[in-house]
Amino acid sequence: MAEMSFGNRRPGRNVKSDDGIFANPLKFIEGCVMSRPEYESSRQNLVVDFPCRPPKMTAAVLSLYGPVDSLKVQQCDLPRLPMGKLRSTEVVVEVFCSSVNPIDWKMRKGTLSELYPLTLPTILGIDFSGRVVRAGEDSTVSVGDEVYGRQTLSRMRDVNGTYAEYVVVECADLALKPERLSFEEAAAVPQACLTAYAALGHIGKLIAKRRSKQKSVLILGGSGGVGTFAVQLAKRHFGCFVAASCSSANAGLLRDLGVDQVLDYRAPDFLGSVALARFDVVLDCVGGDDYWQAFRTSLATEGVYVTLVGSERGLGRDQHIDGARALGLRADYMLRQLSGQLGASENYHVLTGSQVLSSDLAVVSSLLDQGLLKPVVGTTLPLFDVHDAHRLSESRRAVGKIVLRVKAPSGPAPPRPLAAADKTGARPRVSF
């Protein structure tokens, strides 16, 4: 197996946060672009240290933008610390499982490279589950804790993503793994479930409406990673009537997850199938202006249409998104917000990465512990088959989440302190 040395990673610089979608083009695509870090050759980036640290780790390394074979599973350096030491709120996690999100292969292909230039070689991956092997003095978890969470895109360039045996994460971006979940199931949760929660609860305003009766939600693309969490959240947490679209092959899955009305998106009358209904939220996990035009009239008076993709289906999949293209997309979104002449109103929203909050993991963990949410893992592959995982995700035919087994758990976890154990709120296993 070939080895890869990353050398000194470029230290990031602090960038002031901006809540406005138009101030930063990547927020439209996937959220929160950081400025390209300045390189200081005099600063030494030390490899992270912890007890029984191996000299190298196995990871899927991206050396050049391109097709799936641009990813090489090989031995490489452990994460390097941009500040030369572990920050007080950082933890080092031994990664057992990761999962694939669409942003992973969009970044691999380089379609977002002008908006979000990576420092190559790098390691992709957002979601993870594993065990803490080192914790900063101010972190909220301890060595030996089993955790799950996500690596932010901005930190990916400072250290590395989660397609690797070890990752350095901010403790605010992880939580104790619910005891009822396997590591594979836990790795399927963070990014997809947090996205669904943000779209429905925050942007769709269902948190504020939770005590209201007769709420209804339409999920377009209900059998995918975000969709399978969205239908469960809408039904079991927010108490809504739920309609969702999928292929006929996945109709049974959605009914099992609690969907009240399943719509076959291949049916000739699909776009007019709910013309008389009125939904508090329409969550579009697919994208495309035809969906907005068809279902905008099905919004309730104060209903919200939330899209994860935007007006162009498959955005960032094949076409290169350069600066000019990003400006055009931002202008289109602004006009949709401000001008009814282009077929949009204040009810149309594109979910941005900055609106997906790691702090919502506390709510998600509670729902998982109560058995109100069930991760749908459609495919599980070893890290060495990351090419197949990316191909399946790009096909847009994946059901639920695609999970990567990075490393087998290395023996039983050390006894967890009582105070930490109390944080899990674990309840007896239930099924639905």
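Residues numbered from 1 in each chain as written. Predicted model: local features only at pLDDT ≥ 70, side-chain atom pairs only at ≥ 80, totals over all residues. Heavy atoms only, no water.

*Asks:* Which residues make up the confidence of the model for the protein, and what values go with them?
*Replies:* In low-pLDDT regions, the fine details of the predicted coordinates are not to be read closely. When the pLDDT values of the protein are averaged, the result is 83; 76% of them are 70 or greater. Taken together, the stretch residues 10–22 has pLDDT below 50 and engages in 33 contacts with residues farther than four places along the chain or on a different chain. Counting contacts from residues 339–343, a segment whose pLDDT is below 50, to residues more than four positions away or on other chains yields six contacts. (pLDDT = per-residue confidence, 0-100. Contact = heavy atoms within 4.5 Å.)

*Asks:* Give me the lowdown on the sheet that holds strand β16 (residues 299–307), citing residues and values where you can.
*Replies:* The six strands are arranged β14-β13-β12-β15-β16-β17 in an open sheet whose pairing can be described as parallel. This sheet does not close on itself; its edge strands, each paired only once, are β14 (261–264) and β17 (348–350). Across the sheet, the axes of successive neighbouring strands diverge by a mean angle of 15°, strand direction being ignored. Note that strand β13 (residues 241–246) and β14 share four bridges and pair parallel. Counterpart to S245 in the pairing with β14 is L263. (Pairing = 2+ DSSP bridges. Helix = DSSP H or I, 4+ residues; strand = E, 2+ residues; numbered from the N terminus. Axes fitted to C-alpha atoms, helices over the stretch in contact; angles between N-to-C directions.)

*Asks:* Help me get a handle on the pattern of salt bridges, residues and values and all.
*Replies:* Counted under the stated rule, the structure contains 14 salt bridges. As a salt-bridge pair, R53 and D49 come within 3.2 Å of each other at their nearest N and O atoms. Relative accessible area serves as the criterion here: at 43%, D49 is assigned to the partly exposed category. A salt bridge links R87 to E90; its shortest N-O distance comes to 3.1 Å. On the basis of relative accessibility, which here comes to 33%, the residue R87 falls in the partly exposed class. According to the relative accessible area criterion, E90 is buried, its value standing at 3%. Bridged by salt links that share partners, the residues K56, D77 and R80 form one connected network. (Salt bridge = Lys/Arg side-chain N within 4 Å of Asp/Glu carboxyl O. Buried < 20%, exposed > 50% of the residue type's maximum accessible area, 1.4 Å probe, protein only.)

*Asks:* Let's hear about the pairing of β13: which residues, and what values?
*Replies:* Looking down a regular strand, the side chains alternate between one sheet face and the other. Counting buried positions along β13 gives five out of six residues, so the element sits mostly inside the fold. Bridge count between strand β12 (residues 216–220) and β13: four bridges; the pairing is parallel. Within β13, the position partnered with V217 by the bridge is V242. Handedness of the β-α-β unit built from β12, helix α6 (residues 225–237) and β13 comes out right-handed. Crossover handedness for the path β13 to helix α7 (residues 251–256) to β14: right-handed. (Right-handed = clockwise from strand over helix to strand, strands pointing away.)

*Asks:* Run through the packing of aromatic side chains, naming residues and quoting values.
*Replies:* Two measures describe an aromatic ring pair: the distance that separates the ring centres and the angle between the ring planes. Scanning the model with the defined rule gives nine aromatic pairs in all. For the pair F96 and F183, a centre-to-centre distance of 4.8 Å together with 85° between the ring planes defines the contact as edge-to-face. Placement of the pair is F96 in strand β6 (residues 90–100) and F183 in helix α4 (residues 183–187), with a sequence separation of 87 residues. For the pair formed by F96 and F183, the shared burial category is buried. With a centroid separation of 5.8 Å and an interplanar angle of 65°, the aromatic rings of F270 and Y291 are classed as edge-to-face. With F270 in the loop between β14 and β15 (279–284) and Y291 in helix α8 (residues 289–295), this pair connects stretches of sequence that are 21 residues apart. When its relative accessible area of 4% is taken as the criterion, F270 is described as buried. Overall, the relative accessible area of 8% leaves Y291 in the buried class. These aromatic residues form a ring-pair network of at least three members: F270, Y291 and F295. Seen from the ring of W105, K106 lies directly overhead, with NZ or CZ sitting 5.9 Å from the centre. (Phe/Tyr/Trp six-rings, centres within 6.5 Å; stacked < 30°, edge-to-face > 60°. Lys NZ or Arg CZ within 6 Å of the ring centre and 35° of its normal.)

*Asks:* Outline the nonpolar core, supporting the account with residue identities and numerical values.
*Replies:* Ranked by size, the top nonpolar core spans 51 residues in total, and within it V93, M107 and Y163 carry the most contacts. When neighbours within four sequence positions are excluded, V93 is seen to be in contact with F128, G130, R131, V132, V147, E165, Y166, V167, V169 and L174. Judged by nonpolar contacts, the second largest core, of 45 residues, contains A192, L308, V364 and L367. (Core = buried A, V, L, I, M, F, W, Y, C linked by side-chain atoms within 4.5 Å.)

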